[in-house]
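# What the coordinates show
Here's the letter readout for the chains.
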There are 2 protein chains.
Amino acid sequence: MNLTPNLTSFVMHFGEMGSRWGFNRTVGQMYALLVISAEPLTANDIAETLNISRGNVSMGLKELQSWQLVQLSHLPGDRKDYFRAIGSIWDMAKRVMEERRKREIDPTLSLLRDMLLDKPSNSQEQHAQQRLQEIHDLLESVTKWTNELQRLSPDNLNTLLKLSSGVGKVLDMKDKFIGKEERKENR
Amino acid sequence: MNLTPNLTSFVMHFGEMGSRWGFNRTVGQMYALLVISAEPLTANDIAETLNISRGNVSMGLKELQSWQLVQLSHLPGDRKDYFRAIGSIWDMAKRVMEERRKREIDPTLSLLRDMLLDKPSNSQEQHAQQRLQEIHDLLESVTKWTNELQRLSPDNLNTLLKLSSGVGKVLDMKDKFIGKEERKENR
DNA sequence: CTGAAGTTTCAGTAATTTCTGAAAATTATA
DNA sequence: TATAATTTTCAGAAATTACTGAAACTTCAG
């Protein structure tokens, strides 16, 4: 398959970004290609279009499938495996968030839980535990919140994002009007 | 400086996680160490405690300063540079979010804006542009929303997180009660 | 100005991650 | 069952990223 220069540059860019989003360059390229492609593609199509090895494509597709971003399908009378991107772009964002939470937050949270069970054995640990507690609470809030997001439909996610920025403004107002003393109590 | 085994394992763990959060292993370790330490530390303290080279510490501190997570301070009558973690843990979360948005979202958003200005030159581009538009809109929403978050105090951030999960439930209810037809119109 | 105390830089090396491609495995067809 | 079509695996090569440590630089005190 041949891409226009514009689309090629998008695919390449997405590859670079991919590495920041948790998958490697070629996996990013592969996903971008599948997203913009109108029809499902075979692994060979992908390898050819992106100039990467067949083996690499196979591994990349496996990863994209494990992220549930890509789906295998078959054409009648054709033995080859065809792949296409599944879900809306919001679904993909949710998947990425969830995956990142698993990798980036969950392990730390569980380590922190364990550490906070131990009584601090000296003043160094005493001070450290306060800090750890703060981190723990933060991560726990974020986890709860992302769980919540997972359950929402794309429509509702959109609504929520918009509501949130409004609420942010309201909370700001509250701060402006309520006296310092009262605010201190809430800390 | 000598850490208890517990704290050592936390620092090491944070190092591993660091690489997933956008900075490398030793930078993560350095930050963890500074966060749990009651007093500011010198670059030498850090190098010794973590068993890493002095040069590496220097580079790492520079990076942490650029993220505005660590601050240089001086002790009276002492020429050495002391460093400490600044801000609450929420401030650090905000910084990480902002930094990641800059690296992970902004460049893609600006590429997409440019691409969407071009008229699609054939049916392949036609289809692709629809997809790109969706991605663009998503990224733009997320950007607006993170800008909003940046402005909130830790207190209000907390409140907002809690509110959001409530709102999520309400939106769910709406979906349950409103008939399918009506929902379709909103798509 | 000199040198001691401290910090930064950066070329080279080490460690890690990604990619290739040939061989092995799988699956369908005749 | 044999064989042809296709996919997967994985050892090693290539590319990337992180780290070291010696040399260069900065700053200050005498």
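Look above for the structure.
Because the structure is a prediction, the values reported are computed rather than measured. (Residues numbered from 1 in each chain as written. Chains lettered and ligands numbered in written order. Predicted model: local features only at pLDDT ≥ 70, side-chain atom pairs only at ≥ 80, totals over all residues. Heavy atoms only, no water.)

Moving on to the overall build of chain A. Of regular secondary structure, chain A possesses 9 helices and 3 strands. Tracing chain A from N to C terminus, the helices and strands come up as α-α-β-α-α-β-β-α-α-α-α-α. For chain A, whose C-alpha radius of gyration is 23 Å, the value lies well above the compact-globule estimate of 16 Å for 187 residues. For the C-alpha atoms alone, the extent of chain A along its principal axes is close to 70 × 45 × 30 Å. A burial count over chain A gives 44% of its 187 residues as buried. Restricting to contacts in chain A with at least 6 residues of sequence separation, those with at least 24 account for 54%. If you sum the accessible surface of chain A, you get close to 10,000 Å²; carbon and sulfur atoms cover 51% of it. Put simply, chain A has 26 plus and 25 minus side-chain charges, and the middle of one group is 2 Å from the middle of the other. (Helix = DSSP H or I, 4+ residues; strand = E, 2+ residues; numbered from the N terminus. Rg over C-alpha atoms; globule rule 2.2 N^0.38 Å. Buried < 20%, exposed > 50% of the residue type's maximum accessible area, 1.4 Å probe, protein only. Contact = heavy atoms within 4.5 Å. Areas by Shrake-Rupley, 256 points an atom, 1.4 Å probe, with all protein chains shown as cover. Lys, Arg positive; Asp, Glu negative; His and termini not counted. Charge placed at Lys NZ, Arg CZ, Asp CG, Glu CD.)

Moving on to the environment of Ile-135 of chain A. With respect to the helices and strands, the residue Ile-135 of chain A is situated in helix H7 (residues 123-151). Separated by 75 residues in the primary sequence, Ile-135 of chain A and Gly-60 of chain A have C-alpha atoms spaced 34 Å apart. If near-sequence neighbours (up to four positions away) are discounted, Ile-135 of chain A is found in contact with Leu-112 of chain A together with Phe-10, Val-35 and Ile-89 of chain B.

To continue, consider the relation of the copies chain A and chain B. Note on the copies: chain A fits chain B at an RMSD of 0.1 Å, the axial shift is 0.0 Å, and the rotation between them is 180°. What the rotation and shift describe, once combined, is the action of a two-fold rotation axis. Among all residues of chain A, the one whose C-alpha sits closest to the rotation axis is Ser-164 of chain A, at a distance of 3.6 Å. Most of the interface of chain A is mirrored in chain B: 100% of its interface residues are interface residues there too. (Least-squares fit on C-alpha atoms with pLDDT ≥ 70 in both.)

On to the protein's contact with DNA strand D. Around DNA strand D sit 17 residues, and of these Arg-54 and Arg-79 of chain A together with Thr-26, Ser-53 and Arg-79 of chain B come closest. Measuring from a base nitrogen of DNA strand D, one finds a side-chain N or O atom of Arg-79 of chain A at 2.7 Å. Taking Asn-24 of chain B, its side chain carries an N or O atom lying 3.3 Å from a phosphate oxygen of DNA strand D. Elements supplying a minimum of two residues to the surface near DNA strand D: helix H4 (54-66) of chain A together with helix H2 (25-36) and helix H4 (54-66) of chain B. The element best represented in the surface near DNA strand D is H4 of chain A, accounting for 5 residues. (Near = heavy atom within 4 Å. Polar contact = N/O pair within 3.5 Å; in protein donor to acceptor, adjacent residues only side chain to side chain.)

This brings us to the pairing of strand E3 (residues 82-85) of chain A. All names here are of chain A. As paired elements, strand E1 (residues 41-42) and E3 share 2 bridges and run antiparallel to each other. Looking at E3, one finds that Leu-41 is bridged to Phe-83. Here strand E2 (residues 70-73) runs beside E3; their pairing, made up of 4 bridges, is antiparallel. The partner of Gln-71 across the bridge, within E3, is Arg-84. (Pairing = 2+ DSSP bridges.)

Residue and element names in this part refer to chain A. Within the sequence span of helix H3 (residues 43-50), burial applies to Ala-43, Ile-46, Ala-47, Thr-49 and Leu-50. Buried residues in H3 make contact with helix H1 (5-21), helix H2 (25-36), E1, H4 and E3. Looking one or two residues beyond H3, the residue adopting positive phi is Asn-51, at roughly 55°.

Glancing now at the pattern of salt bridges. Here the structure, examined in full by the defined rule, presents 17 salt bridges over all chains. Put simply, Glu-99 of chain A and Lys-102 of chain A hold a salt bridge, and the shortest N to O gap is 3.9 Å. Separated by 3 residues within a single helix, Glu-99 of chain A and Lys-102 of chain A lie in helix H5 (residues 89-104), roughly one turn from each other. For Glu-99 of chain A, a relative accessible area of 17% corresponds to the buried category. Note that Glu-63 of chain B is salt-bridged to Arg-103 of chain B, the shortest N-O span being 4.0 Å. Of this pair, Glu-63 of chain B sits in helix H4 while Arg-103 of chain B is found in helix H5 (residues 89-104), placing the two residues 40 residues apart along the sequence. Ionic contacts of the salt-bridge type, sharing partners, join the residues Arg-100 and Glu-104 of chain A together with Arg-100 and Glu-104 of chain B into one network. (Salt bridge = Lys/Arg side-chain N within 4 Å of Asp/Glu carboxyl O.)

Orientation of H5 of chain A relative to helix H7 (residues 123-151) of chain B, taken along the N-to-C sense of each, is 50°, at an axis distance of 9 Å. In this view, H5 of chain A runs oblique relative to H7 of chain B, as classed from their interaxial angle. In this structure, H5 of chain A crosses over H7 of chain B, and the sense of that crossing is right-handed. Listed contacts from H7 of chain B to Ile-89, Trp-90 and Ala-93 of chain A of H5 of chain A are Glu-134, Ile-135 and Leu-138 of chain B. Grouping the amino acids of the contact of H5 of chain A with H7 of chain B by side-chain chemistry returns 5 nonpolar, no polar and 1 charged. (Axes fitted to C-alpha atoms, helices over the stretch in contact; angles between N-to-C directions. Parallel < 35°, antiparallel > 145°, perpendicular 65-115°, else oblique. Left-handed = near helix turned anticlockwise from the far one by under 90°. Nonpolar A, V, L, I, M, F, W, Y, C, P; charged D, E, K, R; others polar.)

Another point: the protein's contact with DNA strand C. As a structural note, the neighbourhood of DNA strand C is formed by 17 residues, with Thr-26, Ser-53 and Arg-79 of chain A together with Arg-54 and Arg-79 of chain B the closest of them. Within 4 Å of the protein, atoms of DNA strand C come from sugar and phosphate in 64% of cases. At 3.4 Å, a side-chain N or O of Lys-80 of chain B approaches a phosphate oxygen of DNA strand C. Note that a phosphate oxygen of DNA strand C is positioned 3.1 Å from one of the backbone N or O atoms of Asp-81 of chain B. For the surface near DNA strand C, the elements supplying multiple residues, two or more each, are H2 and H4 of chain A together with H4 of chain B. If you tally residues by element for the surface near DNA strand C, the top one is H4 of chain B, at 5 residues. For the surface near DNA strand C, a count of residues per class yields 3 nonpolar, 7 polar and 7 charged.

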